Amino acid sequence: MTPQDTARRVTRRRARTRANLLDAAFAVFAAKGFGRVSIEEVCEAAGYSRGAFYSNFATLDELFFALYRDRADLIAAQVADALAQDGPGLDVPAAVERVTEVLLLDVDWLLVKTDFLVHAARDPAVAQALLDHRARLRAAVADRLSRARGHTALPAVLGDAEGAAHAVVAAYDGVTTQLLLDRDVDAARTWLGQLLTALLTDGSGSPE
């Protein structure tokens, strides 16, 4: 085996270890809450030693943020892919339907996300990282809405595409808060679709 082959095997093994730690941490955080979980509990759930943990993450905060980043990136990609399927214009009702069909609406994720939000509210550095990720999600929405300008009108009250993107993310936040309480995923998808369509059109499902 060449040194390059050995290096690739080590890289793959480390990537698997990291992924397994993140999966185990997600389950433990969702069940107990971030502030009630220790590194030892994450290691036990993943079947690894503390050494394996520290070869991938310096702290539990770092693991927590990596977990958030992976899920936030998934959501941003889902939204961007769903919005990219139209031509120059934007069929708002159809795009909203695609988004609500694929969007990650998972109660366990919402529990972890809420823990992270509370944690970030008490730590300016973590808060800035969270704001950066939320800005990326808004940017994906705003970019698509900007490219549709001239082909598809938006309600004037939303202002520009950035303002509309803020409204979209706020709608998602509101619907997912309700989902966290009532745990009705089907209702959340329906309500999110209705709310986004009303926000981005004149309320009838047709652009202004």
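Above this text you will find the structure in question.
Below is a summary of the structure that appears in this document. A quick note: this is a predicted structure, and the numbers were derived from the prediction, not measured. Every chain is numbered on its own, with residues counted from 1 as its sequence reads. Thresholds applied to this predicted model are a pLDDT of at least 70 for local features of residues and 80 or more for the giving and counting of side-chain atom pairs; totals over whole chains, interfaces and linings are not thresholded and use all residues. For side-chain calculations, the full set of non-hydrogen atoms in the structure is used, while hydrogens and water are omitted.

**What about helix α5 (residues 92-102)?**
Consideration 1: Only protein chains enter the calculation, and the probe is 1.4 Å; a residue is then buried if its accessible area is under 20% of its type maximum, exposed if over 50%, and partly exposed in between. Helical segments are the DSSP runs of H or I of at least four residues, strand segments are the runs of E of at least two, and each set is numbered from the N terminus. When α5 is considered as a whole, its buried residues turn out to be V92, A95, V96, R98, V99 and T100.
Consideration 2: Close packing links the buried residues of α5 with α4 (60-83) and α9 (185-200). Throughout, a contact is declared for two residues whenever any of their heavy atoms are within 4.5 Å.

**Topic: the pattern of salt bridges**
Consideration 1: Here a salt bridge means any side-chain nitrogen of Lys or Arg lying within 4 Å of a carboxyl oxygen belonging to Asp or Glu. Counted according to the given criterion, the structure contains five salt bridges.
Consideration 2: With its nearest N and O atoms 2.3 Å apart, the salt bridge here joins K32 to E41.
Consideration 3: R134 serves as the salt-bridge partner of D173, at 2.6 Å between the closest nitrogen and oxygen. Taken together, the residues D173 in helix α8 (residues 161-182) and R134 in helix α7 (residues 124-148) connect sequence positions 39 residues apart.
Consideration 4: Through salt bridges with shared partners, a single network forms among K113, R134 and D173.

**Topic: empty space enclosed by the protein**
Consideration 1: The definitions used throughout rest on a 1 Å grid laid over the protein atoms alone, on which a cavity is an enclosed set of points accommodating a 1.4 Å probe that cannot get out and a pocket is an open set flanked by protein within 12 Å on both sides along at least five of seven lines; lining residues are those having an atom within 4 Å of a point. Grid points are joined across faces, edges and corners, and a volume is the space filled by probe spheres set on the points. Throughout the structure, instances matching the rule amount to two cavities of 30 Å³ or more.
Consideration 2: Taken as a whole, the largest cavity holds about 220 Å³ of empty space.
Consideration 3: Together, 18 residues line the largest cavity, and V79, V99, V141, V168 and L196 are the ones closest to its centre.
Consideration 4: Residue assignment for the lining of the largest cavity shows that the elements contributing at least two residues are α4, α5, α7, α8 and α9.
Consideration 5: The element contributing the most residues to the lining of the largest cavity is α5, with four residues.
Consideration 6: Each residue is assigned to one of three groups, with Ala, Val, Leu, Ile, Met, Phe, Trp, Tyr, Cys and Pro labelled nonpolar, Asp, Glu, Lys and Arg labelled charged, and all others, Gly among them, labelled polar. Residues that form the lining of the largest cavity fall into these classes: 18 nonpolar, no polar and no charged.
Consideration 7: For the second largest cavity, the calculated volume is near 160 Å³.
Consideration 8: Surrounding the second largest cavity, 14 residues form its lining, Y68, A72, I75, R134 and L137 being those nearest its centre.
Consideration 9: If you list the elements that add at least two residues to the lining of the second largest cavity, you get α4, α6 (107-121), α7 and α8.

So, to be careful, I would describe these as geometric facts and stop short of saying anything about function.
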